[in-house]
Amino acid sequence: MAAMEGITQFLMHLPQGTQVVLAIVFLMYLLRMADGLFMKNKMSEATTIRPRSREHLLAVVAAHWFHRNRKHLLGNTFPYLVMGSMIANIDLGQFGVVTGLVALISGLGTWIFGAKGNHEGASGLISGYFGYILLNSFRTNDLEPMLWALGVSAVNFALLKTAFGYYEGLSRALYFFGLMGGLFSVFVWQRIAAGAVG
């Protein structure tokens with residue numbers, strides 16, 4: 001009981017943006033558990049992006065929240081938490097806009113141009129957050145977020161290649177179009193922020 005209270009207190013003292021990102025990650029784990037234990041991975045199969053398949057067109061948005069197995073989800077957890085929090089702790093509206101645009105652009109780009117096969121998971125979002133932080137750091141002349149993003153990405157790829165062992169199975173399309181979505185989001189958010197100030 002005391003341990004639960006301690007965990008609750010710890011979570012309540014985290015920045016609001018980090019709390020939101022943690023809640024999203026918790027939802028991803030719930031979906032993975034429900035799909036694996038009760039649905040025999042049918043949810044993951046239904047929401048995966050299969051390029052140029054009309055039956056899987058709606059998956060361009062849904063696929064980012066589902067993972068093919070526990071290793072896949074574990075490999076995405078650390079970079080999603082860190083880079084997602086870096087954006088969300090600045091402005092939750094900014095986080096929402098970036099996440100929505102990256103999900104749509106990486107999903108559509110993968111559906112149109114991706115190689116045959118199944119594409120799913122938060123890797124497109126992670127790549128998009130990375131691109132957003134990188135370009136926004138250049139724009140604002142603030143190098144600290146850029147260095148954090150580069151460090152997290154380096155650790156992430158090292159983990160994917162060694163501890164989680166599925167580097168070869170990564171969706172290059174999700175990563176590439178996620179990155180493009182993140183870069184594009186910088187200009188969109190800049191316009192939104194400028195309009196709000198004006």
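Treat the numbers as computed from the prediction; the structure is a model and nothing was measured. (Residues numbered from 1 in each chain as written. Predicted model: local features only at pLDDT ≥ 70, side-chain atom pairs only at ≥ 80, totals over all residues. Heavy atoms only, no water.)

## Side note on helix α2 (residues 16-38)
- Taking 1.5 Å of rise per residue, the 23 residues of α2 would be expected to cover 33 Å, and the 32 Å separating its terminal C-alpha atoms lies within 8% of that figure.
- Among all positions in α2, only Gly17, Thr18, Val21, Ile24, Val25, Met28, Leu31, Arg32 and Asp35 are buried.
- Those residues of α2 hidden inside the fold are in contact with α3 (42-47), α5 (70-88) and α6 (92-113).
- Residue Lys40 follows α2 closely and has a positive phi angle near 50 degrees. (Helix = DSSP H or I, 4+ residues; strand = E, 2+ residues; numbered from the N terminus. Expected span 1.5 Å × (residues − 1). Buried < 20%, exposed > 50% of the residue type's maximum accessible area, 1.4 Å probe, protein only. Contact = heavy atoms within 4.5 Å.)

## Observations concerning the packing of aromatic side chains
- Per the counting criterion, the structure on display carries four aromatic pairs.
- Here the aromatic rings of Tyr80 and Tyr129 are separated by 5.5 Å at their centres, their planes lie at 45 degrees, and the arrangement is tilted. With Tyr80 in helix α5 and Tyr129 in helix α7 (residues 123-140), this pair connects stretches of sequence that are 49 residues apart. With respect to burial, Tyr80 and Tyr129 carry one shared label: buried.
- With a centroid separation of 5.8 Å and an interplanar angle of 20 degrees, the aromatic rings of Phe113 and Phe177 are classed as stacked. Residue Phe113 is located in helix α6, and its partner Phe177 is located in helix α9 (residues 172-197); the two are separated by 64 residues in the primary sequence.
- Taking relative accessible area as the criterion, Phe113 reaches 61% and is therefore assigned exposed.
- The class for Phe177 is buried, based on a relative accessible area of 16%. (Phe/Tyr/Trp six-rings, centres within 6.5 Å; stacked < 30°, edge-to-face > 60°.)

## Things to note about the packing of α6 against α7
- At a minimum axis distance of 9 Å, the contact between α6 and α7 shows a crossing angle of 125 degrees. Considering their axes alone, α6 and α7 lie oblique with respect to each other. Of the two possible hands of crossing, α6 and α7 adopt the one that is right-handed. For the pair formed by α6 and α7, the contact residues are Gln94, Phe95, Val98, Thr99, Val102, Ala103 and Ser106 on the first element and Gly124, Leu125, Gly128, Tyr129, Tyr132 and Asn136 on the second.
- For the contact of α6 with α7, the residue count by class is seven nonpolar, six polar and no charged. (Axes fitted to C-alpha atoms, helices over the stretch in contact; angles between N-to-C directions. Parallel < 35°, antiparallel > 145°, perpendicular 65-115°, else oblique. Left-handed = near helix turned anticlockwise from the far one by under 90°. Nonpolar A, V, L, I, M, F, W, Y, C, P; charged D, E, K, R; others polar.)

## Some words on the nonpolar core
- Formed by 24 residues in total, the largest nonpolar core has its most connected members in Tyr80, Met83, Ile87, Phe95, Leu125 and Tyr129.
- Secondary structure elements with two or more residues in this core: α2, α5, α6, α7, α8 (143-161) and α9.
- No other element matches the six residues that α7 contributes to this core.
- Setting aside anything within four residues of it in sequence, one finds Tyr80 in contact with Val21, Ile24, Val25, Met28, Trp65, Ser85, Phe95, Ala122, Leu125, Ile126 and Tyr129.
- Within the second largest apolar cluster, six residues are counted, among which are Ile49, Ala59, Ala63 and Trp111. (Core = buried A, V, L, I, M, F, W, Y, C linked by side-chain atoms within 4.5 Å.)

## Remarks on the pattern of salt bridges
- Taken as a whole and judged by the stated rule, the model has one salt bridge.
- For Arg32, the salt bridge goes to Asp35, with nearest N and O atoms at 3.8 Å. Of the two residues, Arg32 and Asp35 are both situated in helix α2; the distance of three residues between them amounts to about one turn of the helix. (Salt bridge = Lys/Arg side-chain N within 4 Å of Asp/Glu carboxyl O.)

## A word on a nonpolar patch on the surface
- Judged by side-chain polarity, Leu57, Val61, Leu104, Leu108, Ile112 and Phe113 come together as a nonpolar surface patch covering roughly 520 Å² of accessible area.
- Among the elements that make up the nonpolar patch, the one with the highest residue count is α6 (four residues).
- With respect to the helices, strands and loops of the structure, Leu57 is situated in the loop between α3 and α4 (59-62). (Patch = residues over 30% accessible without salt bridge, like charges linked within 9 Å, V, L, I, M, F, W, Y side chains within 5 Å. Areas by Shrake-Rupley, 256 points an atom, 1.4 Å probe, with all protein chains shown as cover.)

## Some details on α6
- Between its terminal C-alpha atoms α6 stretches 31 Å, which fits the 32 Å expected from 22 residues at 1.5 Å a residue.
- Those residues of α6 lying buried are Gln94, Phe95, Val98, Thr99, Leu101, Val102, Ala103, Ser106, Gly107, Gly109, Thr110 and Trp111.
- Among the residues of α6, the N-terminal cap falls to Asp91, whose side-chain oxygen and the backbone nitrogen of Gly93 are separated by 2.7 Å. (Polar contact = N/O pair within 3.5 Å; in protein donor to acceptor, adjacent residues only side chain to side chain.)

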